[in-house]
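# Residue-level structural notes
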Amino acid sequence: MTTPTLDPVDTSQTGNPVSTKRVLLLKPRGFCAGVVRAIDIVQIALDTFGAPIYVRKEIVHNSYVVNDLAKKGAIFVNELDEVPEGARVIYSAHGVSPAVRERAKERGLKVVDATCPLVTKVHVEAIKFAKQGYSLVLVGHRDHEEVEGTQGEAPDVTQVVSTVEEVAALVVPDPNKVAYLTQTTLSLDEAHYMIEALKKKFPNIVGPHAQDICYATENRQTAVKKVAHGADLVLVVGSRNSSNSNRLVEVSKNLDTNSYLIDMAEAIQPEWLDGVNTVAVTAGASAPEVLVKDVVEYLQSKGYGDVDEVEVMPENVRFGLPPEIVQAIQPAPSVARQ
C-alpha cells in the first residue's frame, strides 16, 4: 500500500518542470516497541525521581537519543562501579548478565530494568537449555552488549559464533546434545545460513520454539527487500553501533542497491545523489522519526519533490512498563475519612 506523505516541493514558481525525482519512505521504520519502552522508562524515571538517573551503557544504540536524555539528566556509564552506592540505575534495552545483577546488589543500587522483553525471552531460553544439559551455541556478534548479556546466563556451556567457518570449528562434549540461540538483531539471511550450517554439523541440534530475531528487525529488513529493487539508493537512518541499522544496509547492498548508514541528514554526501532518481529512506529500530523527517526535507531541497510512504506491513506491538516504574507512578492511595 502506498500513501503520500509530506508536502512535495513546489517548483512551478521558478519555471522549472516538476521534478520526477522521488523518495520512497519505508514503513515500518524507526522505533520498535522495545526502544519506545526503554526511552519511556528513562524519561519517566527522570520525571518521577529527578536527576540524576544513571544508565548502564547506552539505553539504545542511537547518539541523538542518548544525547537528548543526557541533557535531561541521565548519566550514562559503562560499568556499575561508576554509579554511587545506593543510587538508582537503569539497565539498557540490550540486557545484562547475572554477574551485573549481582554487582548491583553488592552496591545496594536501586535497579530499573529496561531490557527489551524479546531479549529477556532469549535469556530465559539460554537458562532452560543449560539446565537441560545442552551445549549452547549463540549466533551473534561477540562485542554486542546483547550477546554479552545472553552468554552470561550460561557462560560455561555457551560458545558464540559469527561466521560459518566458526561453526565448522565448533567442538562440544556431546554433538547430540546441542542447542542454538541467536542475537535478536541479526539479518534474516545471515541467521538462516548460520542455522543451516549448525544443522549440517549437528543434525540433532535443537532451537527455540519461535525465532529469536525480533519482529521489528524482521519487518524493517522485509520492507527494504520489497523496495530496494525499485530504488537507486537506500539511506538508513541510524547510528554506527546499531546492529539492526547496519543489517539494513547489508540487506540493501546484497540486493545490489547502493546504501549508506547515516546518523542524520548532515551526513549525506551530495555525490551520493548523482544520477539518482529514486531514494528509499528507512530507519533502524533505535532511530527517532525527527531524524527521518530531516532526511526527507533535505532530499526535497535537492529536488526530490515526490514523497511516497510505502507501507509493507502494519506494526502495532506495545510492551508494558516494568513494575518498578508502574509502582512509582501509581497515585498514592487516598486516606479514608474518619
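Residues numbered from 1 in each chain as written. Predicted model: local features only at pLDDT ≥ 70, side-chain atom pairs only at ≥ 80, totals over all residues. Heavy atoms only, no water.

The name an unreviewed UniProt entry gives the chain is 4-hydroxy-3-methylbut-2-enyl diphosphate reductase, with Granulicella arctica as the organism. Database annotation for the chain, UniProt heading Sequence similarities (unreviewed entry): "Belongs to the IspH family." (UniProt positions renumbered as here; feature names shortened; annotations may be inferred.)

### Here's the deal with unusual backbone geometry
Residue Pro-28 is bonded to the preceding Lys-27 through a cis peptide linkage, with omega at 10°. Looking at the element boundaries, Pro-28 is found in the loop between strand S2 (22-27) and helix H1 (33-49). The residue after Ala-51, namely Pro-52, is reached through a cis peptide bond having omega 0°. Looking at where Pro-52 falls in the secondary structure, it is placed in the loop between H1 and strand S3 (53-56). Here Lys-57, not a glycine, exhibits a phi torsion of approximately 65°, which is positive. (Helix = DSSP H or I, 4+ residues; strand = E, 2+ residues; numbered from the N terminus.)

### Notes on the side chain of Arg-107
Note that Arg-107 resides in the loop between helix H3 (98-106) and strand S6 (110-113). Buried Arg-107, no salt bridge; nearest opposite-charge side chain is Glu-85, N-O distance 4.1 Å. Residue contacts for Arg-107: discarding those within four places in its chain leaves Leu-80, Asp-81, Val-83, Pro-84, Glu-85 and Gly-86. (Buried < 20%, exposed > 50% of the residue type's maximum accessible area, 1.4 Å probe, protein only. Lys, Arg positive; Asp, Glu negative; His and termini not counted. Salt bridge = Lys/Arg side-chain N within 4 Å of Asp/Glu carboxyl O. Contact = heavy atoms within 4.5 Å.)

### Topic: the state of the cysteines
For the coordinates displayed, the defined rule picks out 0 disulfides. Here Cys-116 stays unpaired: no disulfide links it, and the sulfur of Cys-32, its closest cysteine neighbor, is 6.0 Å away. As a non-bridged cysteine, Cys-214 has Cys-32 as the owner of its nearest cysteine sulfur, 5.7 Å distant. Under the relative-accessibility criterion, Cys-214 is labelled buried at 11%. (Disulfide = S-S within 2.5 Å.)

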